[in-house]
Amino acid sequence: MISIAVVSGKGGTGKTTLATSLFLSLENAQLIDADVDEPNCSLFLDIKTEYVKDAQVPIPVIDSTKCILCGECVKNCEYNALANLPNQILVFDRICHGCGVCSVVCPTEAITEKNRSLGKIFSGTNEKRRFDYGELIVGEELSTPIISTLKEQIDEEKDYVIFDSPPGSACPMVEAVIDVDYVIVVAEPTPFGLSDMKVVVETLYQLNKKFGVIINKKGIGNEELENYCREKGIPILLRIPFDLKIAKSYSVGNNLLKTFPEWKGKFQKIIKEITEEVKNE
Ligand code: SF4
Ligand code: SF4
């Protein structure tokens, strides 16, 4: 199996369009919509999904009869999810990342854990294509555990798994790309698009990831983004022109391949190149 994540520095660059198009150009593949704040790949697919399970995070429960108020748990919590009050340890459930450090460092075994649901996981198949997505519960902020849970859904029988990553370069994006073989960065050739892409590129360098760029809406903006890629030696995998027909197709929920079936070959070519690069490594 080859795993590929589609990322972008900001929302609205066409990341979902590209992820679903790549997916639909493959025969035996899985698409995971990891943009759990706003999963919308399903709008462009003809795959019926069903609820699978909740995505949960284990949060600490402190037994006040065992707690000696030593403060070790508070001191070791990287996320400031605990507070040391004069007569109790306060747990901020919504900040807790469920790392389990507090229960490990507690000298009196006063900490047990209970699960807290952050989101829901859905899955469906259509012939040899499988689609999974996660959805953050309204009001929740912690999306990373949902992405981790989604990764448990990876179907090893598939030839490819495509991740539609959350936009940006923060923890949710890192969680989506950390284990994949290759990353496709989707960017618009505008000053804003370039600025956001640079942050993503720096993150991918730090993660030591193989990646290439797809330029979407080629024709707006300027050549700076292409110049930047050239200077850095970043491969440009594809240029998609700025075309009103694509925007219209998107706005009525049509996938790119439905409106422009001739693009299928181009996406298959990209996948072939990525496959060769990953296998050669
Ligand atoms: S599980 Fe981790 S994040 Fe949550 S309170 Fe304990 S140390 Fe902090
Ligand atoms: S580490 Fe354990 S004993 Fe110490 S304050 Fe935290 S819960 Fe209480």
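Here the structure is a predicted model, which is why all the values come from computation and not from measurement.

Student: Report on the pairing of strand 2 (residues 29-33), specifying residues and quantitative values.
Tutor: Two faces belong to every sheet, and in a regular strand the side chains alternate between them. Counting buried residues along strand 2, five of its five residues qualify, which places the element largely inside the surrounding structure. Where burial is concerned, the two faces of strand 2 agree: the one with Ala-29, Leu-31 and Asp-33 and the one with Gln-30 and Ile-32 are both buried. By the bridge criterion, five bridges tie strand 2 to strand 8 (residues 160-164) in an arrangement that is parallel. Residue pairing in the sheet places Leu-31 in a bridge with Ile-162 of strand 8. Inspection of the sheet shows strand 2 paired to strand 7 (residues 129-136) by four bridges, in the parallel sense. Bridging from a neighbouring strand, Leu-31 pairs with Phe-131 of strand 7.

Student: Pulling in residues and values, what's your account of helix 10 (residues 264-280)?
Tutor: With 17 residues, helix 10 ought to run about 24 Å at 1.5 Å a step, and its terminal C-alpha atoms sit 24 Å apart, in line with that. Residues of helix 10 that are buried include every one of Phe-267, Ile-270, Ile-271 and Ile-274, and no others. Looking straight down helix 10, one finds its buried side chains confined to an arc of 95°; they lie on one side. Residues Gly-265, Lys-272, Glu-276, Lys-279 and Asn-280 are exposed on helix 10 and point more than 90 degrees away from its buried face.

Student: Residue-level account of the domain arrangement of the chain, with values.
Tutor: How large an interface is tends to be reported as the accessible area lost when its parts come together. Entries for the chain in the domain assignment read domain 1 (2-55 + 135-280) and domain 2 (64-109). The distance between the C-alpha centroids of domain 1 and domain 2 comes to 38 Å.

Student: Would you mind going over the site of ligand 2 in detail, with residue names and values included?
Tutor: Lining the immediate environment of ligand 2, one finds 14 residues, of which Cys-67, Cys-70, Glu-72, Cys-73 and Cys-106 sit closest. Its residues placed into classes, the shell around ligand 2 shows eleven nonpolar, two polar and one charged.

Student: Outline the sheet that holds strand 10 (residues 211-218), supporting the account with residue identities and numerical values.
Tutor: On the basis of which strands lie adjacent, the open sheet formed by nine strands has the order 3-6-7-2-8-1-9-10-11 and mixed pairing. Only two strands of the sheet have a single neighbouring strand rather than two, namely strand 3 (50-62) and strand 11 (236-241). Averaged over neighbouring strand pairs, the angle between their axes works out to 20° when direction is ignored. Across five bridges, the pairing between strand 1 (residues 2-8) and strand 9 (residues 182-187) is parallel. Note that in strand 9 the partner of Ile-4 across the bridge is Tyr-182. Set on the sheet, helix 1 (residues 15-24) makes contact with strand 1, strand 2, strand 7, strand 8, strand 9 and strand 10; between it and strand 8 the angle comes to about 170°.

Student: Provide a residue-level description of unusual backbone geometry, including the pertinent values.
Tutor: The backbone of Asn-80 shows a phi angle near 50°, a positive value even though the residue is not glycine. By the element assignment, Asn-80 lies in the loop between helix 2 (72-76) and strand 4 (82-84). Even without being glycine, Glu-127 reaches a positive phi, approximately 55°.

Thresholds applied
- Residues numbered from 1 in each chain as written.
- Chains lettered and ligands numbered in written order.
- Predicted model: local features only at pLDDT ≥ 70, side-chain atom pairs only at ≥ 80, totals over all residues.
- Buried ≥ 20, exposed ≤ 12 C-beta atoms within 10 Å, placed from the backbone.
- Helix = DSSP H or I, 4+ residues; strand = E, 2+ residues; numbered from the N terminus.
- Pairing = 2+ DSSP bridges.
- Expected span 1.5 Å × (residues − 1).
- Arc of directions from axis to C-beta.
- Domains from an automatic or database assignment.
- Near = placed C-beta within 6 Å.
- Nonpolar A, V, L, I, M, F, W, Y, C, P; charged D, E, K, R; others polar.
- Axes fitted to C-alpha atoms, helices over the stretch in contact; angles between N-to-C directions.
- Contact = placed C-beta atoms within 7 Å.

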